[in-house]
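Secondary and tertiary structure notes
These are the residues of each chain, in order.
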Amino acid sequence: DADVVDLILGKQRATRVGRGVADVRYRCFSPELQRAVSNYIASGGALFTSGAYVATDLCGSEGVTAADVEFAKRVLRVELVENMATRTFTATTRSRSAARLATSRDYTICDEYRPDMYAVNSVDGLAAVGSATELMHYTDSRLAAAVGYRDECGARVVMGFPFEAITDAGGRDV
């Protein structure tokens, strides 16, 4: 048993392979993974997930189902606002909820190719659902970059960008 499951999705996204005649593949949350995550949270689990298309894949891409949207809202407690949420690729914990955090911090998301890190081309702007809380926001658009929620079942944090793309190693040391 893990204290927290860390589901790092990077730049994974629903993609039509080949010449475009095959089904969409490589979804961030397949129906099987949705069931597993739902069961894990319901049994008291804690989930940290991040990815450039985590909400887009569930709420705004080709082939999205009502079950996908329901999973995003009911389990992850997020909705997609925009899938190109920042031009500056910077995020901050200086938000309405920052008072809950010990310190505020700014983060830079890698948006150029480097030998030690991949470039992120797009990030999801999120909306907190119900009593979920905005934990981070993009500095230019003010859209939520991370949302957190805890209830009697479990806890979850969803980031609309890949956690591993934070350029400062100290920023990834949480």
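Residues numbered from 1 in each chain as written. Predicted model: local features only at pLDDT ≥ 70, side-chain atom pairs only at ≥ 80, totals over all residues. Heavy atoms only, no water.

Looking at the confidence of the model for the chain
Filter applied, for reference: pLDDT gives the predictor's per-residue confidence on a scale running from 0 to 100. Elements are defined by DSSP. Helices are runs of H or I of four residues or more, strands are runs of E of two residues or more, and each kind is numbered from the N terminus.
In the predicted model, the chain carries a mean pLDDT of 90, and 93% of its residues have values of at least 70. Confidence, expressed as mean pLDDT per element, reaches its minimum in the chain at strand 2 (residues 15-16) with 78 and its maximum at strand 8 (residues 125-128) with 97.

Thoughts on the packing of aromatic side chains
Basically, it comes down to this: Aromatic pairing here means that ring centres of Phe, Tyr or Trp (its six-membered ring) are within 6.5 Å. Orientation follows from the plane angle: under 30 degrees is stacked, over 60 is edge-to-face, and everything else is tilted. Relative accessibility thresholds used throughout: buried, under 20% of the residue-type maximum; exposed, over 50%; partly exposed, between the two (1.4 Å probe, protein chains only). Ring-over charges, as used throughout, are those where CZ of Arg or NZ of Lys falls within 6 Å of the ring centre and within 35 degrees of the ring normal.
Under the counting rule described, the total for this entry stands at three aromatic pairs. With centroids separated by 5.2 Å and ring planes inclined at 50 degrees, the aromatic side chains of phenylalanine 29 and phenylalanine 71 adopt a geometry described as tilted. Taken together, the residues phenylalanine 29 in the loop between strand 3 (24-25) and helix 1 (31-42) and phenylalanine 71 in helix 3 (residues 66-76) connect sequence positions 42 residues apart. The exposure class assigned to phenylalanine 71 is buried, which follows from its relative accessible area of 3%. Lying across the ring of tyrosine 53, arginine 13 places its NZ or CZ 4.0 Å from the centre. Over the ring of tyrosine 149 we find arginine 77; its NZ or CZ atom is 4.2 Å from the centre of that ring.

A word on the side chain of arginine 27
The condition is simple: Residues scored as positive are Lys and Arg, those scored as negative are Asp and Glu, and His as well as the terminal groups of each chain are ignored. We count a salt bridge whenever a side-chain nitrogen from Lys or Arg sits within 4 Å of a carboxyl oxygen from Asp or Glu. Whenever a nitrogen or oxygen atom comes within 3.5 Å of another N or O atom, the pair is scored as a polar contact, on the condition that within protein one atom can donate a hydrogen and the other can accept it, and that pairs from neighbouring residues in sequence are kept only if both atoms are in side chains.
Mapped onto the elements, arginine 27 comes out in the loop between strand 3 and helix 1. Buried and unpaired, arginine 27 has no salt bridge, with aspartate 57 as the nearest side chain of opposite charge at 4.4 Å. Within the structure, the side chain of arginine 27 is placed 3.4 Å from the side chain of serine 61, a separation counted as a polar contact.

A closer look at the nonpolar core
To be explicit about the condition: To form a nonpolar core, buried Ala, Val, Leu, Ile, Met, Phe, Trp, Tyr and Cys residues must be joined to one another through side-chain atoms within 4.5 Å. The criterion used for residue contact is that any of the two residues' heavy atoms lie within 4.5 Å.
Residues Phe29, Val37, Phe71, Leu76, Val78 and Leu126 are the most contacted members of the largest nonpolar core, which totals 21 residues. Every element with two or more residues in this core is listed here: strand 1 (5-10), helix 1, helix 3 and strand 10 (144-150). No other element matches the four residues that helix 3 contributes to this core. Dropping the residues within four chain positions of it, phenylalanine 29 is found in contact with Leu7, Leu9, Gln34, Val37, Thr49, Val54, Leu58, Phe71 and Leu76. Residues Phe48, Tyr107, Val123 and Met136 belong to the second largest nonpolar core, which totals 20 residues.

Concerning unusual backbone geometry
Positive phi, close to 65 degrees, is recorded for arginine 77, a residue that is not glycine. Looking at the element boundaries, arginine 77 is found in the loop between helix 3 and strand 5 (78-82). For arginine 77, a relative accessible area of 18% gives the class buried. For arginine 142, which is not glycine, the phi torsion reads 65 degrees and is therefore positive. Here arginine 142 lies in the loop between strand 9 (133-138) and strand 10.

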